[in-house]
Amino acid sequence: GPGLNVGFNVKGVSTKDIARGEVASNADDNPAFAVSSFEAQIVVMNHPGKIEIGYAPVIDIHTAHVACRFAEIKAKIDRKTGKIVEKNPRAIYNGEAAICVLEPSRPLCCEACSEFPPLGRFVVRDSRTTVAVGMIISTTKKDSNHI
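Residues numbered from 1 in each chain as written. Predicted model: local features only at pLDDT ≥ 70, side-chain atom pairs only at ≥ 80, totals over all residues. Heavy atoms only, no water.

Draft legend 1. The packing of aromatic side chains, seen in detail. With the rule as written, the count across this model stands at two aromatic pairs. Geometrically, the ring pair formed by F38 and F122 is edge-to-face, given 5.7 Å between the ring centres and 70 degrees between the ring planes. Of the two residues, F38 sits in strand 1 (residues 33–44) while F122 sits in strand 8 (residues 121–126), which places them 84 residues apart along the sequence. Just as F38 is buried, F122 falls in that class too. (Phe/Tyr/Trp six-rings, centres within 6.5 Å; stacked < 30°, edge-to-face > 60°. Helix = DSSP H or I, 4+ residues; strand = E, 2+ residues; numbered from the N terminus. Buried < 20%, exposed > 50% of the residue type's maximum accessible area, 1.4 Å probe, protein only.)

Draft legend 2. Representation of the environment of S138. In this structure, S138 sits in strand 9 (residues 129–146). Other than its neighbours up to four places away in sequence, S138 contacts F38, E39 and A112. (Contact = heavy atoms within 4.5 Å.)

Draft legend 3. Up close: the pairing of strand 7 (residues 97–104). Where burial is concerned, most of strand 7 is hidden: seven out of the eight residues are buried. Here strand 1 runs beside strand 7; their pairing, made up of six bridges, is antiparallel. The partner of V43 across the bridge, within strand 7, is A97. Where strand 4 (residues 64–77) lies against strand 7, eight bridges are found, and the strand directions are antiparallel. Residue pairing across strands places E72 opposite V101, the latter belonging to strand 7. (Pairing = 2+ DSSP bridges.)

These figures capture arrangement, not role.
See below:
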């Protein structure tokens with residue numbers, strides 16, 4: 001079921017050919033793609049300062065560890081109601097939630113949490129500390145770039 005780690009072998013593919021964070025999928029039915037960016041709801045839990053556009057922490061999502069740049073902070077939202085509190089804020093701080101656009105520094109396979117939850121939840125880490133958690137709302141796929 002969803003969220004389980006399963007091991008399997010593929011004829012002609014060595015374990016050395018597979019890197020951490022790669023995703024297996026059905027090539028004929030909705031294959032996995034790399035994303036150029038994704039929109040996510042973030043909750044800042046333990047950041048020593050503020051998160052601004054250009055900040056590039058490591059994102060831990062499924063088995064991948066990829067640096068992602070905050071390209072846009074679209075809105076601060078109320079954590080309880082989900083309603084927009086402030087549009088296009090300059091920064092977000094501890095305890096605040098926001099809708100942000102992130103851009104991975106290298107190919108990353110992820111999905112909207114509503115479509116496939118195990119590939120839609122992530123942790124934001126900086127200096128080996130969890131600073132925020134997030135859920136992907138939508139993705140922008142790279143042009144015909146299968147992972």
